Number of protein chains: 2
Amino acid sequence: MSGDHKADYDVLGIGNAIVDVLAQVDDDFLARQGLVKGAMQLIDEVAAHDLYAAMGPSIEASGGSAANTIAGVASFGCRAAFMGKVRNDELGEVFAHDIRATGVHFDTPAATEGPTTARCLVLVTPDGERTMNTWLGASQNLGPDDVEADLVKASAITYLEGYLWDPPHAKEAFKKAAAIATQAGRKVALTLSDAFCVDRHRESFLELIRGPVDILFANEAEIKSLYQTRTFNDALHAVRADCALAVLTRSEAGSVIVEGEDVHVIGAHPVEKVVDATGAGDLFAAGFLAGLAQGRAVPDCARLGAIAASEIIQQMGARAIRPFHEVAAENGFHPV
Amino acid sequence: MSGDHKADYDVLGIGNAIVDVLAQVDDDFLARQGLVKGAMQLIDEVAAHDLYAAMGPSIEASGGSAANTIAGVASFGCRAAFMGKVRNDELGEVFAHDIRATGVHFDTPAATEGPTTARCLVLVTPDGERTMNTWLGASQNLGPDDVEADLVKASAITYLEGYLWDPPHAKEAFKKAAAIATQAGRKVALTLSDAFCVDRHRESFLELIRGPVDILFANEAEIKSLYQTRTFNDALHAVRADCALAVLTRSEAGSVIVEGEDVHVIGAHPVEKVVDATGAGDLFAAGFLAGLAQGRAVPDCARLGAIAASEIIQQMGARAIRPFHEVAAENGFHPV
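Residues numbered from 1 in each chain as written. Chains lettered and ligands numbered in written order. Predicted model: local features only at pLDDT ≥ 70, side-chain atom pairs only at ≥ 80, totals over all residues.

(A) Molecular detail of the nonpolar core. Ranked by size, the top nonpolar core spans 239 residues in total, and within it V11, L216 and L289 of chain A together with V11 and L289 of chain B carry the most contacts. Among residues more than four places away in sequence, those in contact with V11 of chain B are I70, V73, C78, A80, S155, A156, I157, Y159, L289 and A293 of chain B. (Core = buried A, V, L, I, M, F, W, Y, C linked by C-beta atoms within 7 Å. Buried ≥ 20, exposed ≤ 12 C-beta atoms within 10 Å, placed from the backbone. Contact = placed C-beta atoms within 7 Å.)

Put into structure tokens, the structure is as follows:
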């Protein structure tokens, strides 16, 4: 099978399968808990239990970085699939329901033993910023055996989250999927996930970007952390040499897309009020990937990313309440 | 112990312990599923499974009618307790966390076997109306043994939901609690819950209202169903003879409070846009009960109810994101 072969799926995502538990807190709460605002930290089950007990009333909503992106891609009307590991428990059922209900193909078998479905305790401050505390649970058990070669070969782009580099088995699944995609002439995309995650796995990520990765997603903090540069511009020059297409987001300063010699600077989409920043980067990636799947020019892909990011930060949680194809159409992007 | 004895709790609620699963749907979806818009219907586990599979992506949030009211009472800064039955599963943990996190005393032991924690599939249409489909699960196992006599005696008002009349054991728990409260010289409050629920249990409800119930909460459809009257006014005259204090809500037409010979008509609180009507009645009751606990005059209790109802229908779910004591203060109701 080669990349010229028509793909069954526009994008296959592989990532941690997580249910978010969202609560509103004030800045003092973060300080008392010793948390770094805006970051994602991994916590163990005991710490998750303690933090949950300290949190106020919460809502639960499906999450997971790549899973949010893939649900977004499907919500734009594209064909999407996901691989990730839940446990056969109530929150696992919630995760599977929500991703399938957006039209995503998802059939990774749920674990029947071991830790419960992963959850991320998301603390949203009044400024809309989110601070994430993840107990990886069952998603740690995603392994190479869960990677269906046929599904990877049948997907135009395989999209991988950097967070997968944290659990050891998942890393093997990641490598296997990337190798299959490359060999089948398909594209491999990577999101760097989080500046601290980059710090944990810098050398591996650089190897991937110089190797199988065709499309890189990163925000300003992540790309600067990757190349350990002081300025965004220095990081931009570094990534140009390493990757064919780099999609760099800068929050309200918009995005910069580096495509060989071309650099596209695209403004952010207007936002009335940031309610909850959870999913901004994930949904930017969704819009961009949907644009690529629809054969749009790179600047338009970035505009779709900005529209999706703007929509998601004006609601609680990282899964869209309104279908993105409607939001896109309202902004002049009609089905192609 | 008598009613003159200082109470440890302002309000104790007893009700079904439910987690809501909320999704946005269009009117066609309700039609295809054969659902009566705006109503609550009881469904079995198989039907719950089928309906969930047909629903779009959802969010989970603690619910339950009396539980919503009690969480609201606590959010107003009053002392509140709750009795209700969950299973020792993930959604049971969610329910217990959320109600305790609002400051409510809750220690009904979770069932260790039998059906899972109850869930209500809430379908929200674009007009903000909600249509509820409840699988009672573990909450059916609340029984008289779960009613702690000391807690009832220590509560100024015991608040019971009509929905408790559906599961047979819970009905016994309801009767036991009402008898203990009456004997201890405390007040008993009842909400009629739903017009269809009234239809199922009309004679029992009339007996209760003519017997132990001191404060009745009902909306227009419920009170008309109870007395099988054509007009609201006829129902109002009927309830005046049966109950010392009747709190009747009429959505955007405000509320009518019947207190012996006095009738207070209070306007609704302004609403910009109805996002999700889930919890409007529950939170009206919360504001009213909080007002009583704070020793306010009846019209002010109704105003607090209107404020809480207005706040809750402008967000998804029936648990307040902002503490009600803040919302109340913004509207000129300061701590007493």
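From this point, things continue past the structure.
(B) Summary view of helix α6 (residues 168–183) of chain A. All names here are of chain A. Between its first and last C-alpha, α6 extends 23 Å over 16 residues, near the 22 Å set by a 1.5 Å rise per residue. Its buried side turned inward, α6 meets β1 (9–14), α5 (149–153), β9 (155–161) and β10 (187–191). Just past α6, the residue G185 takes up positive phi, approximately 75 degrees. (Helix = DSSP H or I, 4+ residues; strand = E, 2+ residues; numbered from the N terminus. Expected span 1.5 Å × (residues − 1).)

(C) Representation of helix α3 (residues 65–75) of chain A. Residues and elements named next belong to chain A. When you tally the buried positions in α3, you get 11 out of 11 residues, the bulk of the element. Those residues of α3 lying buried are S65, A66, A67, N68, T69, I70, A71, G72, V73, A74 and S75. Just downstream of α3 lies G77, where phi reads positive at about 95 degrees.

(D) Summary view of the environment of A253 of chain A. All names here are of chain A. Among the secondary structure elements, A253 is positioned in the loop between β12 (245–249) and β13 (255–259). Looking at A253, the number of C-beta atoms within 10 Å reads 12, which means it is exposed. Sequence separation between A253 and Q315 is 62 residues, and the spatial gap between their C-alpha atoms is 20 Å.

(E) Focus on the sheet that holds strand β3 (residues 40–42) of chain A. On the basis of which strands lie adjacent, the open sheet formed by 10 strands has the order β3(A)-β8(A)-β7(A)-β2(A)-β4(A)-β4(B)-β2(B)-β7(B)-β8(B)-β3(B) and mixed pairing. Every other strand in the sheet has two partners, leaving β3 of chain A together with β3 (40–42) of chain B as the edge strands with one partner each. On average, adjacent strands in this sheet sit at an angle of 25 degrees to one another, irrespective of strand direction. (Pairing = 2+ DSSP bridges. Axes fitted to C-alpha atoms, helices over the stretch in contact; angles between N-to-C directions.)

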